[in-house]
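Here is what each chain is made of, one letter per residue.
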Amino acid sequence: MKNQTKTFLISASVFALLGSAIAYAESAGHSAVGDELIAEQRAKLIEATAGKGFGPQSPRDLSVVDGANSITFGDAPDFAVMNLCNIHFHEGAEHRGGEFTTYIGNGDGHGYGTGFKYDGTLSEAELAPVDYSVGFTEHGTLEPGDTIEIHYVHSTADVKPGPTLGSCLNESVGNPQLRVEGFVYVLVNDDGAADLTKLNMVSQDSGKWQAPNMPMDAGYAVSYDGSTTGPSYNEAGSPFQATWNVHTKVTKVSIASVAKWLAKNEFDEDHAHGVRNLVVDPALLSKIN
């Protein structure tokens, strides 16, 4: 890994992002931590990974193409020749870019109430509250206007779709290649919007498990070498390598369909996952070609 002794630096643009929203909406049930805690978590991540040989990490700002991580690995094949192994989503976009550059806030320091949201505007009808709970946890419930980032994870191993990223591995192949097709959705109170149960439908095509209804018209995609995500890696490096393809246009999705999918799916998903802090240190980022 290059620049192993590099001093921890955060660009002025990142400071602006961190300082743009100290408090998250109280209606969402989150209390925000200060910038100091986020900076401390970033420093611990660098300390935990320096000189340890970790590969490039995710998520990242998609507009930042530079990176100094020297660990390389082959790009995973096209998802069409791989097996879909898992679908899950995070509350708040983990990546920053495209139509999702508005920082939500620091959140609770554990991945909730943070990330990035849809930059566009929604109508009063689209934002109208619903009278049912969607993915309720101790962190709150999903509501119209919320942004989610959904990950369609694919593996070169001979596996079938199932719960957790463990479904992407098997005993016969210890190091399968992983590819993540990432999309950002905004939830709206509109039954005419995209249907998550259809977007996440799973079937076999030429012997490969696929999600054939992924919204492939969701703008251009940024491809890069990275890792698995989630707030458990805020202060530790992820050891899993993944080829990322993050689409930059936001798709409006019916919140009623989100509730329906969370109520029954083959992945045992019943809530939104937390968000990992944006990775900003060049030593932990790959170069985007």
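See the structure above.
Remember, predicted model here, so these are calculated numbers, not experimental data.

As for the overall build of the protein chain
- Secondary structure assignment for the protein chain yields five helices and ten strands.
- When burial is assessed residue by residue, the protein chain has 53% of its 289 residues classed as buried.
- Put simply, of all contacts in the protein chain between residues at least 6 apart along the chain, 78% involve residues at least 24 apart.
- As displayed, the protein chain has an accessible area near 12800 Å², and 52% of this comes from carbon and sulfur atoms.

Thoughts on the pattern of salt bridges
- Applying the stated rule across the entire model yields five salt bridges.
- The shortest N-O distance in the salt bridge between R96 and D61 comes to 3.0 Å. One end of the pair, R96, is in the loop between β1 (83–91) and β2 (102–103); the other, D61, is in the loop between α2 (35–49) and β1, with 35 residues separating them in the sequence.
- The salt bridge partner of R179 is E181, with a shortest N-O separation of 3.8 Å.

Focus: the packing of aromatic side chains
- Using the criterion set out here, one finds six aromatic pairs in the structure.
- A centroid spacing of 5.7 Å and a plane angle of 85° characterise the contact between Y152 and F183, whose relative ring orientation is edge-to-face. On the criterion of sequence distance, the pair formed by Y152 in strand β4 (residues 147–155) and F183 in strand β5 (residues 178–188) is long-range, its members being 31 residues apart. For the residue pair Y152 and F183, the accessibility class agrees, reading buried in each case.
- Between W261 and F267 the ring centres are 6.4 Å apart and the planes differ by 40°, which places this aromatic pair in the tilted class. No difference in accessibility class separates W261 from F267, as the two residues are buried.

As for helix α5 (residues 255–263)
- When α5 is considered as a whole, its buried residues turn out to be I255, S257, V258, A259, W261 and L262.
- Residues of α5 that are buried make contact with β1, β5, α4 (196–199) and β10 (251–254).
- Its side-chain oxygen placed 3.3 Å from the backbone nitrogen of A256, S254 serves as the N-cap of α5.

Quick word on empty space enclosed by the protein
- Enumeration over the complete set of coordinates arrives at four cavities of 30 Å³ or more.
- By volume, the second largest cavity amounts to about 90 Å³.
- For the second largest cavity, the lining is made up of 13 residues, of which R42, L45, L278, V279 and V280 are closest to its centre.
- When the residues that make up the lining of the second largest cavity are grouped by side-chain class, the tally is eight nonpolar, two polar and three charged.

Remarks on the nonpolar core
- With 27 residues, the main nonpolar core has L62, F100, Y224, W244, V246 and V250 as its most contacted residues.
- Of all the elements in the fold, those that place two or more residues in this core are β5, β8 (221–227) and β9 (241–247).
- Looking at which element gives the most residues to this core, the answer is β5, with five residues.
- The residues contacting W244, other than those within four sequence positions of it, are S58, H95, E149, H151, V180, V222, S223, Y224, G226, S227 and T229.
- Counting residues in each nonpolar core, the second largest holds 26 residues, with F183, L187, A218 and A259 among its members.

Some remarks on α2
- In this model α2 runs 21 Å from its N-terminal to its C-terminal C-alpha over 15 residues, within 8% of the 21 Å that 1.5 Å per residue would give.
- The set of residues buried in α2 consists of I38, Q41, R42, L45, I46 and T49. Each buried residue of α2 lies within a common arc of 135° when the element is viewed along its axis, so the set occupies one face. Exposed residues lying more than 90 degrees from the buried face of α2 are E36 and E47.
- Once α2 finishes, G51 follows within two positions and takes phi at roughly 70°, a positive value.

About the cut-offs
Residues numbered from 1 in each chain as written. Predicted model: local features only at pLDDT ≥ 70, side-chain atom pairs only at ≥ 80, totals over all residues. Heavy atoms only, no water. Helix = DSSP H or I, 4+ residues; strand = E, 2+ residues; numbered from the N terminus. Buried < 20%, exposed > 50% of the residue type's maximum accessible area, 1.4 Å probe, protein only. Contact = heavy atoms within 4.5 Å. Areas by Shrake-Rupley, 256 points an atom, 1.4 Å probe, with all protein chains shown as cover. Salt bridge = Lys/Arg side-chain N within 4 Å of Asp/Glu carboxyl O. Phe/Tyr/Trp six-rings, centres within 6.5 Å; stacked < 30°, edge-to-face > 60°. Polar contact = N/O pair within 3.5 Å; in protein donor to acceptor, adjacent residues only side chain to side chain. 1 Å grid on protein atoms, 1.4 Å probe; cavity = no way out; pocket = protein on both sides within 12 Å on 5 of 7 lines; lining within 4 Å. Points joined across faces, edges and corners; volume = space filled by probe spheres on them. Nonpolar A, V, L, I, M, F, W, Y, C, P; charged D, E, K, R; others polar. Core = buried A, V, L, I, M, F, W, Y, C linked by side-chain atoms within 4.5 Å. Expected span 1.5 Å × (residues − 1). Arc of directions from axis to C-beta.

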